[in-house]
Amino acid sequence: MDRTTRRHRRTDPRLLPLVGALVLAAAIVAVSAAVATGSDLPDGAGDVSTIFALVLMITLGAVVKVPLRIRSTIFSFAWVETAIVIGLALAPAPWVILCTGAGIACASLLSRLTAIQTAFGIAKHTLVAAGATGVILLLDRRWPPDGFWDLFLLLGAVYLVAAVLDDLLAIPVIALASGTRITRQFRNHLDLRLAGFAVRFVVAVFTLLILRADPRLLLAVPPLVLSLHLAYSARIRGRTEQQAWQRLARTTDALNVVDLDNVLTTAVTQATELFSADEVEIELRDGGRTVRGGTGGITFDGPTGTPTDVDGTIVPTPLEGHDRSVDVGVLRLRFRGPVQLSEREQYTLRTFASALCTAVRNAQAYAELARVADEHAYAAAHDALTDLANRRHLLDQGTEQLSARHADGVTALVLIDLNHFKEVNDTLGHAAGDQVLVQVAGRLRGAAQEGDLVARLGGDEFAVLLRGLPAPAVAAHRAETLLAALHEPFELDGMRISVEASGGISAAPATGGMAELLRRADVAMYQAKRAGQRISTYAPSRDTADLGRLTLGGELPRAVADHEFIVNFQPIVDLGSGAVTSVEALARWHHPIHGMIDPLRFLEAVERSGLLPAFAEAILDQALIAAAGWRDAGFDVPVAVNVSPRSLLDARFPGSVLARLRAHDLPPDRLVLELTETLTLSQLDVVDRVLSRLRDEGIRLALDDFGTGYSSLSLLSRIPVHELKIDRSFVTTMESSAEAAAVIRSTLDLGRSLELDVVAEGVESEPQRRALWELGCTAGQGHLFARPMPAGTLLAALHRGAGGHPGTLAPPLHDAGAVIRLTQSRRQTGRARPDRLPHLPA
């Protein structure tokens, strides 16, 4: 095996001593051969011709070779050892050793190798010739032997030593020159090297037999050698190309990740191996980012334009798709010496660049989607004025904390309300009031301890979630510290304003969760206001609302048996045309004594009781009966029903829903099941099969209150929903809050990207309707169109229509023919607010 390294190759510090040792050993051998030749000098024209033939044969054996590029180094499989073995049959061994050095020198001059490469080649082959000679001398046999088997065995021993010695001398030098491990270099193309050795051995045997039989037959040897050489070269190229395509396939598979850093790291390391480059550089146009490295990973990640220390050949390729319509950057292969890629390598490079372009675009798109989702989630979880957590985020964090309270200590909530804050707004204006609220938020944040969550619930009401308390009594001390922070006057445009506050404290209840904790803190705060105190701790004995709930809870069995639970319906309309596209079911308790009871007062008790299945089944039946009646009257609109996460944990739930649809002769796509964003990822692992079954059967799924803090990109990617519903809080404030409008806009963009329907909740005015339509929202619900009503009343409204157009509840935004549909609206569905349908069980 020969090695040809291009110029400007960085030299390994261990390489020069190794080559020097080989040159020294070869010099000793050459001197010894020269001394031996002194007693057997060439005599006559025949000997001179023999020497000339030896030099020519070895030169051709070194020049005619199979090249293989590793980085900017060319490694070659040559015929030198074959020429040496044949030469030993034609001339004395000392002549062969000296002629070997001369022939390799001539070949090096023809190939224009560097001095160190020439010295290494001469030294290595001189030592190989000496090794072959040593075997003959050691066996003390006549060369070449007379008998065929003697010739075969002795030549096998000589050739084996020459071949092994050639590898032992070449492989360490090649490994140091190319920066690869010796063991890996030894395994590389081992099967082809063995096959090549065998072929060259057979050629040597036949050549010696021909020499012994009739030297004139040697004319047939060159064509035979040339044929074998071409076949061997083709085999080497075929193996190399096969391995290259296999590596390309593995590389493109490895690029199928969504993290941009992983894509770039994979591309750099794999491209270095795939194209045998010294360094790979990827320049991205978006952001001016450049990364470069090698097989060991990324060595540079920074701004474009930073120089590299790898000088030599640069092979640039644009990162563009097959149609060349998108260009995301440039891929550069760097080599420390001159390199010319083959046609196959150039095609492989273009294919790799196209795959990398696609991977980078996918990763950038995913990163942008994740960024928008993160901004969306942050805006939905924080108050726009004070940057404190908002109510939803407080409920989210509190629920998570209460689930682990036994391990983390006592959880408590302090609710703080500013007294007479309305006077600040009325006297100084709302701008001054906002400044006061910002300063209050800053003081509360500064007075809270690490781990506490400070939130603004709205208006002049704040809350602080205290976590990991050693005892409930500590909450009162912490509340005093928080309110003391508000004692000092506030500086406002040169004025000093004093603000008083009242606080209520509640420790985590045994049942009821975060909603109950917040309610109790609110009760305690108003107890403090009524008593003229600054702080009050929740006392169950003074909580009349809680006693009322307990009373209602005891009446639930009778209410279910007497069918006191009824369903009202609120339509969802096309914002452009005013046509009804679907209807949402809302639950009510028609109490014989207390009248119509809001679900907030009884839903929690229903879900905690064992009556939830019967209660929800009755609500579902009423909703489906109403939908069937509307269809028979000519208004075929879907009906939306809320479903509890508890129901989705039951594998029998899809079958139960489908049975009710069949009983009422309704197709599955007439029912929309709305999912709350309180679904946790742990629950999702269980409900995946249930949701997939429901969707596969044709039932539509919707994700309610999207953007209020519970949603996340991972949640949306796991639930196979058809529809998103924008929470009413964003619609209510969209005209006065840029953040709310941004949340709505990003939700609509997300819906379009994922091909989901989007419904806006809480549309109360025509300006809101028009603003939503201009943002691209095509469906909405709210009091602007209709309040919740019985099924019969809604049917009458549909017959009557708006402006004499049945099926509409509002006049169109534009004249007929002037409406430009921003998206193709599919059937829209809705879900209840706090007064909506309770969770549907299996």
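Residues numbered from 1 in each chain as written. Predicted model: local features only at pLDDT ≥ 70, side-chain atom pairs only at ≥ 80, totals over all residues. Heavy atoms only, no water.

Some words on the overall build of the protein chain
A tally of helices and strands in the protein chain yields 29 helices and 24 strands. When contacts within the protein chain are restricted to residue pairs at least 6 apart in sequence, long-range pairs at least 24 apart make up 72% of them. Carbon and sulfur atoms make up 58% of the accessible area of the protein chain, which amounts to about 37,800 Å² in all. (Helix = DSSP H or I, 4+ residues; strand = E, 2+ residues; numbered from the N terminus. Contact = heavy atoms within 4.5 Å. Areas by Shrake-Rupley, 256 points an atom, 1.4 Å probe, with all protein chains shown as cover.)

Concerning the sheet that holds strand β4 (residues 279–284)
Taken in spatial order, the 5 strands line up as β6-β5-β4-β8-β7 in an open sheet, and their pairing is antiparallel. Each of the sheet's edge strands pairs with one partner strand only, and the pair in question is β6 (297–303) and β7 (313–320). Direction aside, the axes of adjacent strands within the sheet are offset by 20° on average. Here β7 pairs with strand β8 (residues 327–335) via 8 bridges, running antiparallel. Following the sheet pairing, Thr-313 is matched in β8 by Phe-335. Together, β4, β5 (289–294), β6 and β8 form the strand contacts of helix α10 (residues 260–275), whose direction differs from that of β5 by roughly 40°. Sheet strands in contact with helix α11 (residues 343–381) are β4, β7 and β8, and its direction is about 50° off that of β7. (Pairing = 2+ DSSP bridges. Axes fitted to C-alpha atoms, helices over the stretch in contact; angles between N-to-C directions.)

Quick word on the pattern of salt bridges
Per the stated rule, a full pass over the model turns up 32 salt bridges. Close ionic contact of Arg-371 with Glu-368 constitutes a salt bridge, the shortest N to O distance being 2.4 Å. Separated by 3 residues within a single helix, Arg-371 and Glu-368 lie in helix α11, roughly one turn from each other. Linked by salt bridges that have partners in common, Glu-279, Glu-281, Glu-283, Arg-292, Arg-332 and Arg-334 make up one network. (Salt bridge = Lys/Arg side-chain N within 4 Å of Asp/Glu carboxyl O.)

Focus on the packing of helix α1 (residues 15–37) against helix α4 (residues 93–111)
Taken N-terminus to C-terminus, the directions of α1 and α4 make an angle of 135°; their axes are 8 Å apart at the nearest point. Here α1 is positioned oblique relative to α4, judged by the angle of their axes. In this structure, α1 meets α4 at a crossing whose hand is left-handed. On α4, the residues that touch Val-29, Ala-30, Ala-33, Ala-34, Ala-36 and Thr-37 of α1 are Pro-94, Trp-95, Ile-97 and Leu-98. Grouping the amino acids of the contact of α1 with α4 by side-chain chemistry returns 9 nonpolar, 1 polar and no charged. (Parallel < 35°, antiparallel > 145°, perpendicular 65-115°, else oblique. Left-handed = near helix turned anticlockwise from the far one by under 90°. Nonpolar A, V, L, I, M, F, W, Y, C, P; charged D, E, K, R; others polar.)

Topic: unusual backbone geometry
Of note in this structure, His-420 is not a glycine but carries a positive phi near 55°. Turning to its location among the elements, His-420 is positioned in the loop between β9 (410–418) and α14 (421–428). Its identity as a non-glycine residue notwithstanding, Glu-755 has a phi of 60°, on the positive side. Topologically, Glu-755 is positioned in the loop between α27 (738–754) and β23 (757–760). For Glu-755, a relative accessible area of 63% translates into the label exposed. (Buried < 20%, exposed > 50% of the residue type's maximum accessible area, 1.4 Å probe, protein only.)

Some words on the sheet that holds strand β15 (residues 535–537)
The strand order β10-β11-β9-β14-β15 describes an open sheet built from 5 strands, whose pairing is mixed. Lying at the two open borders of the sheet, with one neighbouring strand each, are β10 (453–458) and β15. Direction aside, the axes of adjacent strands within the sheet are offset by 20° on average. Relative to β15, strand β14 (residues 501–507) is paired through 3 bridges, and the arrangement is parallel. Note on β15: the bridge partner recorded for Gly-504 is Ser-536. Sheet strands in contact with helix α15 (residues 430–447) are β9, β10 and β11 (461–469), and its direction is about 10° off that of β11.

Remarks on the confidence of the model for the protein chain
For the protein chain, the average pLDDT comes to 78, and 76% of its residues sit at 70 or higher. Mean pLDDT across the secondary structure elements of the protein chain bottoms out at strand β1 (residues 2–5), with 42, and peaks at strand β24 (residues 779–780), with 96. Overall, residues 1–10 carries pLDDT values under 50, and its contacts beyond four positions in sequence, including any with other chains, amount to 53 contacts. Note that pLDDT drops below 50 for residues 68–75; the model gives that stretch 53 contacts with residues more than four away or on any other chain. (pLDDT = per-residue confidence, 0-100.)

Some remarks on the pairing of β11
Along any regular strand the residues' side chains alternate between the sheet's two faces. In terms of burial, β11 is a largely internal element, 7 of the 9 residues being buried. By the bridge criterion, 7 bridges tie β9 to β11 in an arrangement that is antiparallel. Looking at β11, one finds that Val-410 is bridged to Leu-469. With 5 bridges connecting them, β10 and β11 associate as antiparallel partners. Note on β11: the bridge partner recorded for Gly-458 is Glu-461.

What about a nonpolar patch on the surface?
Taken together, the side chains of Phe-52, Leu-56 and Leu-60 define a hydrophobic patch exposed on the protein surface, amounting to about 310 Å² of accessible area. Structurally, the position occupied by Leu-56 is in helix α2 (residues 45–63). Residue class for Leu-56 comes out partly exposed when judged on its relative accessible area of 42%. (Patch = residues over 30% accessible without salt bridge, like charges linked within 9 Å, V, L, I, M, F, W, Y side chains within 5 Å.)

What to know about the packing of aromatic side chains
Any two aromatic rings considered together are summarised by their centre-to-centre distance and by the angle between their planes. If you walk through the whole model with that rule in mind, you get 2 aromatic pairs. With 5.2 Å between their ring centres and 40° between their planes, Phe-565 and Trp-589 make a pair best called tilted. Here Trp-589 lies in strand β17 (residues 580–591) and Phe-565 lies in strand β16 (residues 565–574), a separation of 24 residues in the sequence. Measuring from ring centre to ring centre gives 5.1 Å for Phe-569 and Trp-630, while their planes differ by 85°; the resulting arrangement is edge-to-face. (Phe/Tyr/Trp six-rings, centres within 6.5 Å; stacked < 30°, edge-to-face > 60°.)

Description of the nonpolar core
Grouped together as the largest cluster of nonpolar side chains are 80 residues, with contacts concentrated most on Phe-569, Trp-630, Leu-648, Leu-671, Leu-673, Val-721 and Leu-772. If you look at the next biggest cluster of nonpolar residues, it comprises 38 residues, including Val-96, Tyr-159, Ala-163 and Val-173. (Core = buried A, V, L, I, M, F, W, Y, C linked by side-chain atoms within 4.5 Å.)

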